[in-house]
Structures are given as structure tokens and as C-alpha cells.
Amino acid sequence: MTTPRAARCAVRLLAAALTVAAGACDGTPGGPLPVKTARSSKLRVDKPMVPTADAGSLRDGNSAFALELFASLSAQPGNVVFAPASLSVALGMAFAGARTETAQQMADTLHFALPGPRLHAAFDALDLALGSRGEAVDGLPPQGTDGAPLRLAVSNALWVDGKQTLEPTFLDVLGENYGAGVQQVDFIGAPEPARLTINQWVADQTAGKIAELLPPGLITPMVRLVLTNAIYLNAGWKTPFTEPTMSYPFHRADGSDVSVPMMLGKMGFAMAAGAGFRAVELPYSGDQLSMVVIVPDAGTFPAFEAALTLDGLSSIIKSLAPSTDGLLLPRFQFTLAVSLRDTLSALGMPAAFVADTADFSGIDGARDLFIRDVVHKTFIAVTEKGTEAAAATGVVFATKSAVPLLAVDRPFLFLIRDRPTGALLFLGRVVDPS
């Protein structure tokens, strides 16, 4: 009978066997690494048996987390966009390895109400359902913005250093429920090529819209594994905006106006009107996906945004009904990149980010790992033809240092002295070493 220790040793040997030498795919030093993929011996569960109540629990929990995170992100000025599904899936994979207080904090913060096996099965069912959205409906394939079939793709991966031990049960959860293979890279010996390799994978999964998920400096020799999720959507409107786009004033929250390109839709939208708002739903080709736009009354946006709850959002969506009203919608495009370490800590899961308290023993059989950061980047473009959107999430795990580590990663003073005499030869400060 194979013991857990023997199984971990086997995984370590597999990782070592699949470790590749640092080097660029194109032969240039410092470029992306060629990688090989290992997988759990367990196959992906392609028809998970998930009760309706479990699917509803996952939906409501993910939505509650999304609104709480939105409240934190929207405290900053400017446009905001993020992909709740990407974050929940990536953190769901991390949750598979969390134990004790770390697991409880993550469950509370992420609103994971289901026990582990049922939670991961529900994520599996959600992932498979989303992946089917480009299939033909009533014999007619839904269209993307470019006339090609609608695309909604969700991809997961685990990137691990070749010397890192992984628990077989953790690999099984990722393989069975998330379809995540183990991508072998060299974080210790070649952290920058490893970063470029992961970024290239993300770019490939998102049609180039998320070109650099992991910023320079995030991947160091202390990193041991990274969990990634990528989502790409290219969906054409069910009814494209065919009227000429016009310049039209847009009233900013501060009271000033700006002229923007406005798209004109004549009729055929579902709309709702309630206390302090109007809303419209724009279905995409195939009718399985839609965009809902909520417009608070003039001068009330900050208060309306702050008061929006899951019940309130559900009520707005349920009140949408066919309307003959026309629609003016601005054409827009922007990208947002955020680090969520501090935000997630403030929302209730600080233990995961602290080396001395994090317990991810479900990943490596020890308590050597903590989350260094959760990075998230999103792109969205809304045009007359439809919507193209992409997002990616990276959960970066580092190992605890064998000795206390002083990171000189902020402004510092320095001096050069003659030790026998105590004479100060040089004295200075560095506030920007670049």
C-alpha cells in the first residue's frame, strides 16, 4: 500500500523529471521557458452530479463576494471592471489546499458555503456550462463580434517549481474539477523566464488582451507555485447597433460633461424602472448571455452604488420586461489591473497572506506556503457589434524563508564607515533605485 509520504515523494520525482532547463523558446536568453505538463491520474469529471441547491449556493456566494469586492474596488476613482468568476475559480483552486484557520477565513470571505468536495464539483459544473455557450442553439451558432462563432473560454493551470512537493489529493481536486494540468517551470533558478512563460500562456488564452498578468518583480526565487485562471469572451449582440453612432454629452459624476460616441438602438430591449434607477438588458447572440446596464437617477450614483445589495440586484434583474423604448449606450474600452492582497485581507482572509499563519498544508503536506499576492487584470470593449472581454487571475504562492528575510523594498538610508575609527565616509538615502 502506498503511504502518503511515498506518494509525495513520487510527485516530487515526477516534478524533477519534468523540470526543464531555463531558456527561451526562441533561443533568446531570459525569454519564456518551454514547459511540459503533468496531470493527476484522475480524469476530469465531465458530467458532475450537482444538485440544484448546490449550484444556487455557489452562484449566490460568488455574487455576494463579487459585490463586496466591487465595493472595495469602487472606493478608488475612475472606471472599474473585474471578473468575479475568474477570481472565484482561481481562489477556489487555492482553497482546495487551505486548512484550519486559513480555510475558514477563505470560506467566510469568498462565501464558500458548501463542503469541499461539493464546492469543487459545483465549480466543475459551472466551468463546463460556461464552456458550452458557444455551441449551436436551435441549429444556429451564436456569433462573436467578428462574425465567427461566439467564444467564451475558461482555462485553468497550476505552475509549479520542479523541486516543489505537491500533495496527490490536491492534484486530484484540480484535475477532476478544474481541468488544471501541472506546468513545470523553474521559479528558483529562472524566475523571470518563468514569469514570461505564465504571461505568454495568459495572453494565448485571452487572444492577447491580457498581455502581462504578472508584473515585473512579482516572481522571485521564493515563489513555488502560481495558480492561474483566464476567461475570454467574444460575443456579438443579438441585435447589433446599426444606426449611425453619434457624439453625445456624457454627464460625469462631478457634474462636468464630456462628448463621447453614443450607439443608438431603436427597440427590442428588456427594461426596468424603479425607485431611483432605470435598467436595460442587452442579450448577446444565442440568448444565453446578456449585459445588464443600471442607470441611477441624476446626482444619486454614489449613494445608489454604495447601497446595492445582492437582493437589490436580483430584484432589478427580475423586473426586466420587454419595452419599446430606444437606447443610447456609450461605446467604451478600458483595462484595469489590480493587486488584491490588501483588499482580500481587509475583507476577512489575512491569514492566507502571512507566512507565520498561512496553512496550505493541503498543497504540499507542510505549512511552508503562503499567498504572496493575488493579481487580477481585466479588459473590456463594448462596440456596435458586441462585446470583447478578457480577464485573468494569478494566485502567487511563496515559501517561507528558512531565515528571517529583510526586504529592502522601500526608501532607505545608507552609510559607509571606517570600522576601526567609526568615521563616516559616505551617508545617503535611496528613495528610487531605478
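What counts as what
Residues numbered from 1 in each chain as written. Predicted model: local features only at pLDDT ≥ 70, side-chain atom pairs only at ≥ 80, totals over all residues. Heavy atoms only, no water. Helix = DSSP H or I, 4+ residues; strand = E, 2+ residues; numbered from the N terminus. Buried < 20%, exposed > 50% of the residue type's maximum accessible area, 1.4 Å probe, protein only. Areas by Shrake-Rupley, 256 points an atom, 1.4 Å probe, with all protein chains shown as cover. Axes fitted to C-alpha atoms, helices over the stretch in contact; angles between N-to-C directions. Parallel < 35°, antiparallel > 145°, perpendicular 65-115°, else oblique. Contact = heavy atoms within 4.5 Å. Nonpolar A, V, L, I, M, F, W, Y, C, P; charged D, E, K, R; others polar. Pairing = 2+ DSSP bridges. Expected span 1.5 Å × (residues − 1).

A. Here's a closer look at the overall build of the protein. On a plain count of helices and strands, the protein comes out with 11 helices and 16 strands. Counting only residues that meet the buried cut, the protein has 44% of its 434 residues in that class. Taken as a whole, the protein presents about 21,700 Å² of accessible surface, with 58% of it coming from carbon and sulfur.

B. Expanded view of the packing of helix α3 (residues 84-95) against helix α6 (residues 168-178). At their nearest, the axes of α3 and α6 sit 10 Å apart, and the two run at 150° to each other. As judged from the angle between their axes, α3 and α6 are roughly antiparallel. Side by side, α3 and α6 meet where V89, G92 and M93 of the first sit next to F170, L174 and Y178 of the second. Residues of the contact of α3 with α6, tallied by class, amount to five nonpolar, one polar and no charged.

C. Local environment of the pairing of strand β16 (residues 424-430). In the sheet, strand β15 (residues 412-417) pairs with β16 via six bridges, with the strands oriented antiparallel. Each residue of the ladder has a partner; that of F414, found in β16, is G428. Between β15 and β16, which pair antiparallel in sequence order, lie six residues; one of them, G422, sits at a positive phi of approximately 80°.

D. Just helix α5 (residues 116-131), in detail. Here α5 spans 23 Å end to end across 16 residues, near enough to the 22 Å set by a 1.5 Å rise per residue. Within α5, the full set of buried residues consists of L119, H120, A121, A122, F123, D124 and D127.

E. Molecular detail of the sheet that holds strand β6 (residues 257-265). Taken in spatial order, the three strands of this open sheet run β5-β6-β11, and their pairing is antiparallel. The open sheet terminates on both sides in strands that have one partner only, identified here as β5 (246-251) and β11 (327-330). Adjacent strand axes in the sheet meet at a mean angle of 55° when their direction is disregarded. The sheet contact formed by β6 and β11 spans four bridges and is antiparallel. Residue pairing in the sheet places G265 in a bridge with L327 of β11.

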